[in-house]
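Structural description and commentary
This is what each chain is made of:
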Amino acid sequence: MQKKEVSEYILDQYRGVVAVDAWGEQSFFYNPDRRLPRGIYFATLKDKDGENDKGSNLDREGVFRFNFGIGKSSYKEILGNIPARPAAGGVVNTGHNFTELNKVLPHPVYGWMSWVCVLNPDKAMIQKLEPLLNESYDLAVKKYAKRVKS
């Protein structure tokens with residue numbers, strides 16, 4: 001799949017999600033009523049390395065990374081223990097090859113927050129990710145409800 005196809009999939013499948021281009025990536029926020037300035041992070045698509053995020057070598061031709069947060073128990077079930085937060089400019093210490101394509105990996109910077117990623121997911125991978133994406137969406141919906149309530 002191309003980055004644009006993943007973006008269209010997210011916007012088609014998840015009601016109340018809006019896309020914002022910011023910080024060198026396309027970010028998806030749950031913000032159905034637009035009551036929050038941006039909303040609650042749901043997922044991101046990134047296609048170039050950033051100052052503090054070079055672990056996936058995204059500057060390769062045609063490579064992009066799809067990122068989203070999941071619950072801690074799901075993270076542990078799929079990837080093992082949640083790593084410690086890395087130093088600025090570093091990557092989480094998990095032993096993973098963060099440049100590998102079409103594989104569920106810890107997010108190289110935000111794995112400590114239970115974020116996962118897939119570089120260049122294909123259609124079969126997106127289908128495999130659907131339960132995790134649904135979980136991520138549900139977490140964003142709950143966080144949004146708490147934030148607009150207070």
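Treat the numbers as computed from the prediction; the structure is a model and nothing was measured.

Basis of the calculations
- Residues numbered from 1 in each chain as written.
- Predicted model: local features only at pLDDT ≥ 70, side-chain atom pairs only at ≥ 80, totals over all residues.
- Heavy atoms only, no water.
- Axes fitted to C-alpha atoms, helices over the stretch in contact; angles between N-to-C directions.
- Helix = DSSP H or I, 4+ residues; strand = E, 2+ residues; numbered from the N terminus.
- Left-handed = near helix turned anticlockwise from the far one by under 90°.
- Contact = heavy atoms within 4.5 Å.
- Nonpolar A, V, L, I, M, F, W, Y, C, P; charged D, E, K, R; others polar.
- Pairing = 2+ DSSP bridges.
- Buried < 20%, exposed > 50% of the residue type's maximum accessible area, 1.4 Å probe, protein only.
- Phe/Tyr/Trp six-rings, centres within 6.5 Å; stacked < 30°, edge-to-face > 60°.
- Core = buried A, V, L, I, M, F, W, Y, C linked by side-chain atoms within 4.5 Å.

Let's talk about the packing of helix 1 (residues 3-13) against helix 3 (residues 123-149)
Between helix 1 and helix 3, whose axes approach to 12 Å, the crossing angle comes to 35 degrees. Judged by the sense of rotation from one axis to the other, the crossing of helix 1 with helix 3 is right-handed. Touching Glu5, Val6, Tyr9 and Ile10 of helix 1 are Lys123, Ile126, Glu130 and Leu133, all from helix 3. Per-class residue counts for the contact of helix 1 with helix 3 are 5 nonpolar, no polar and 3 charged.

Comments concerning the sheet that holds strand 3 (residues 40-46)
Reading across from one edge, 1-2-3-4-6-5 is the order of the 6 strands in this open sheet, with antiparallel pairing throughout. Since the sheet does not close on itself, it has two edges, and those belong to strand 1 (17-22) and strand 5 (105-106), each with one partner. Pairing of strand 1 with strand 2 (residues 25-30), which is carried by 6 bridges, proceeds in the antiparallel orientation. Bridge assignment links Ala22 to a residue of strand 2, and that residue is Glu25. The strands touched by helix 3 within the sheet are strand 1, strand 2, strand 3, strand 4 (65-69) and strand 6 (115-119), with strand 4 carrying the most contacts at an inclination of about 45 degrees.

Looking at the pairing of strand 4
Within strand 4, 5 of the 5 residues are buried, which leaves the element mostly enclosed by the surrounding structure. Side-chain alternation along strand 4 places Arg65, Asn67 and Gly69 on one buried face and Phe66 and Phe68 on a second face that is also buried. Here 4 bridges tie strand 3 to strand 4, and the two strands are oriented antiparallel to one another. If you follow Thr44 over to strand 4, its bridge partner there is Asn67.

Here's the deal with the packing of aromatic side chains
For the structure shown, the criterion picks out 9 aromatic pairs. Taken together, a centroid distance of 5.5 Å and an interplanar angle of 85 degrees make the contact between Tyr30 and Tyr137 edge-to-face. Of this pair, Tyr30 sits in strand 2 while Tyr137 sits in helix 3, and the two are 107 residues apart along the sequence. Note on accessibility: Tyr30 and Tyr137 belong to one class, buried. Judged by centre distance (5.4 Å) and plane angle (40 degrees), the rings of Phe66 and Phe68 are tilted. Phe68 matches Phe66 in its accessibility class, with the two residues each being buried.

A word on the nonpolar core
Of all hydrophobic cores here, the largest spans 30 residues; its most connected members are Ile10, Phe42, Phe66, Phe68, Leu129 and Leu133. Those elements that place two or more of their residues in this core are helix 1, strand 2, strand 3, strand 4, helix 2 (72-79), strand 6 and helix 3. When residues of this core are assigned to their parent elements, the largest contribution, 9 residues, is made by helix 3. The residues contacting Phe66, other than those within four sequence positions of it, are Val6, Ile10, Ala43, Thr44, Leu45, Val116, Cys117, Val118, Pro121, Ile126, Leu129 and Leu133. Grouped together as the second largest cluster of nonpolar side chains are 5 residues, Leu58, Val63, Leu105 and Leu119 included.

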